[in-house]
Amino acid sequence: MKTAIVHEWLTTYAGSEKVLAAMLAEFPQADLFCLIDFMPERDRSWLNGRVPQTSFLQRIPGSRYIYRYLLPWMPFAIEQFDLSDYDVVISNSHAVAKGVITGPDQLHICYCYTPMRYAWDLQNQYLEEARFRGIRNLFARMALHKLRIWDYRTASGVDHFITCSQYISRRLFKAYRRDATVIYPNVETDDFGIGRDRGDYYFTSSRMVPYKKIGLIVEAFAAMPERRLVVVGTGPQFKHIQKIATPNVTLLGYQPLAVLRQHLERARAFIFAAEEDFGIAPVEAQACGTPVLAFGRGGANETVVDGVTGLHFHAQTTAAIRDVIDRFEAREDDFDPIQIRAHALRFSTDRFRDEFRRFVLARWAEHQQRLAAASAGAGRPPLMRSAS
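Predicted model only: the values in this text are computed from it and were never measured.

**Focus on the overall build of the protein chain**
Here comes step 1: Summing up its helical and strand segments, the protein chain has 14 helices and 12 strands in all.
Here comes step 2: Computed over the C-alpha atoms, the radius of gyration of the protein chain is 23 Å, within 12% of the 21 Å expected from 2.2 N^0.38 for a compact globule of 388 residues.
Here comes step 3: Along the first, second and third principal axes, the C-alpha atoms of the protein chain reach 90 × 50 × 50 Å.
Here comes step 4: Every one of the 388 residues in the protein chain was classed for burial, and the buried ones make up 52%.
Here comes step 5: Sequence separation of at least 24 residues holds for 62% of the intrachain contacts in the protein chain that already meet a minimum separation of 6.

Okay, here's the thing in structure tokens:
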């Protein structure tokens, strides 16, 4: 089967790109399409020399820096790819990739991380965080309204949806009224291991953007000066978080994987306060045998087993974070690092590749059978109605 894989944009090697790398490893002859490609050379090894075909957005001056502001043009751009020569099209989508145009004899499978958050149920949250006011707010809402209509319409062009969690499966059904198969994304669990000894600190890591709630975790530790917190990550909120950090909070900014792994292996527990579609960081922590104290909504509700591999808290407040830490310390010795890591291995790359390959090949076999049946039916004489 001649296969095309469609991705939105290549700028960093993060969660969706790691899934894309696993897809390409399973289907190495597939051609790759994306809107723009500005992936740094140091991060391109996983492409194995593959050069993606990009859209006209790639040629807009400065698109490397302003591509997110080109969102209104992205639906039009994704529709310009000519994929008519391919038997199977796989879209790796959290925004517009699923909107590629395919024909009736082509099989289109979409791995959907989420229907566009900013166009659906999280629209108001995104606009508030962007601080759009007045006429800018009005124009943004009008643009998102049009985008929402396009997004709903293009869902009918997908033959089969895969989602990254049960949580996103429910969101997808709400937006598109389509069922989906859940295949959890791959986490590089082999890159992590159980540490030999634990330090006397809690740990979190993330991009510092509002919905990740790193500021909330730091505020919670400001009220617990006897407890230490170490934070890895940077982003737009870094300076703000620096201002509210107390002496018991250590901000390390961006750190390479080796430093991240060292802190994950030695931390008493990993704290995760975001409502994520899936959430790779909690699984990486569990791969180190480290308990996770997680907000019990979204993907973490599926990846962290309450009372076994960590504890859930149920409100994004400083009081809830302080409470879950108190509960954790009351039973800290009950958490078994070996059992925690064994649970994390359920989300390994090998598992993802196997499940994804089997899903695609099974749908392809079914698709061929339908085409064969349709072809056979086309050669039969039409049924004649009785004169009576």
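**Considering helix α7 (residues 214–222)**
Here comes step 1: Among the 9 residues in α7, 7 count as buried, and that is most of the element.
Here comes step 2: Looking at α7, one finds that the buried residues are I214, G215, L216, I217, V218, A220 and F221.
Here comes step 3: The secondary structure elements touched by the buried residues of α7 are β7 (202–205), β8 (229–232), α8 (238–244), β9 (249–251), β10 (270–272) and α12 (318–330).

**Description of the environment of D191**
Here comes step 1: Structurally, the position occupied by D191 is in the loop between β6 (181–182) and β7.
Here comes step 2: Accessibility expressed as a relative area gives 35% for D191, which makes it partly exposed.
Here comes step 3: On a C-alpha basis, the gap between D191 and A258 in space is 9.4 Å, while along the polypeptide they are 67 residues apart.
Here comes step 4: Residues contacting D191, with those up to four places away along its chain left out, are L257 and R261.

**Remarks on the packing of aromatic side chains**
Here comes step 1: Using the criterion set out here, one finds 18 aromatic pairs in the structure.
Here comes step 2: Both rings, one in F27 and one in F356, keep their centres 6.2 Å apart while their planes meet at 80°; by these two values the pair is edge-to-face. Of this pair, F27 sits in the loop between α1 (15–26) and β2 (31–37) while F356 sits in helix α14 (residues 349–378), and the two are 329 residues apart along the sequence. Note on accessibility: F27 and F356 belong to one class, buried.
Here comes step 3: Both rings, one in Y184 and one in F347, keep their centres 5.3 Å apart while their planes meet at 80°; by these two values the pair is edge-to-face. Note that Y184 is positioned in the loop between β6 and β7 and F347 in the loop between α13 (337–344) and α14, a separation of 163 residues in sequence.
Here comes step 4: Here F347 falls in the buried class, since its relative accessible area comes to 1%.
Here comes step 5: One aromatic cluster is present, built from ring pairs that chain together F27, Y111, Y113, F352 and F356.
Here comes step 6: The residue whose ring lies beneath K2 is Y86, and the NZ or CZ to ring-centre distance is 5.1 Å.
Here comes step 7: One Lys or Arg, K98, reaches over the ring of W150 and ends 5.5 Å from the middle of that ring.

**Some details on the side chain of H312**
Here comes step 1: Within the secondary structure layout, H312 lies in strand β12 (residues 310–313).
Here comes step 2: The exposure class of H312 is buried, given its relative accessible area of 6%.
Here comes step 3: Engagement of the side chain of H312 in a polar contact is seen with the backbone oxygen of V304, the distance being 2.8 Å.

**Re the packing of helix α10 (residues 280–287) against α13**
Here comes step 1: One way to put it is that α10 packs onto α13 with a least axis distance of 7 Å and a crossing angle of 135°. Taken together, α10 and α13 sit at an angle that is classed as oblique. For the element pair α10 and α13, the recorded crossing hand is left-handed. Residues V283, Q286 and A287 of α10 pack against I340, R341, H343 and A344 of α13.
Here comes step 2: Looking at side-chain class alone, the contact of α10 with α13 contains 4 nonpolar, 2 polar and 1 charged residues.

**Some details on the state of the cysteines**
The term disulfide refers to a covalent linkage connecting the sulfur atoms of a pair of cysteines.
Here comes step 1: Counted under the stated rule, the structure contains 0 disulfides.
Here comes step 2: Of all cysteine sulfurs, the one in C112 lies closest to C110, which takes part in no disulfide; the gap is 4.9 Å.
Here comes step 3: With a relative accessible area of 0%, C110 lands in the buried category.

Definitions and cut-offs
- Residues numbered from 1 in each chain as written.
- Predicted model: local features only at pLDDT ≥ 70, side-chain atom pairs only at ≥ 80, totals over all residues.
- Heavy atoms only, no water.
- Helix = DSSP H or I, 4+ residues; strand = E, 2+ residues; numbered from the N terminus.
- Rg over C-alpha atoms; globule rule 2.2 N^0.38 Å.
- Buried < 20%, exposed > 50% of the residue type's maximum accessible area, 1.4 Å probe, protein only.
- Contact = heavy atoms within 4.5 Å.
- Phe/Tyr/Trp six-rings, centres within 6.5 Å; stacked < 30°, edge-to-face > 60°.
- Lys NZ or Arg CZ within 6 Å of the ring centre and 35° of its normal.
- Polar contact = N/O pair within 3.5 Å; in protein donor to acceptor, adjacent residues only side chain to side chain.
- Axes fitted to C-alpha atoms, helices over the stretch in contact; angles between N-to-C directions.
- Parallel < 35°, antiparallel > 145°, perpendicular 65-115°, else oblique.
- Left-handed = near helix turned anticlockwise from the far one by under 90°.
- Nonpolar A, V, L, I, M, F, W, Y, C, P; charged D, E, K, R; others polar.
- Disulfide = S-S within 2.5 Å.

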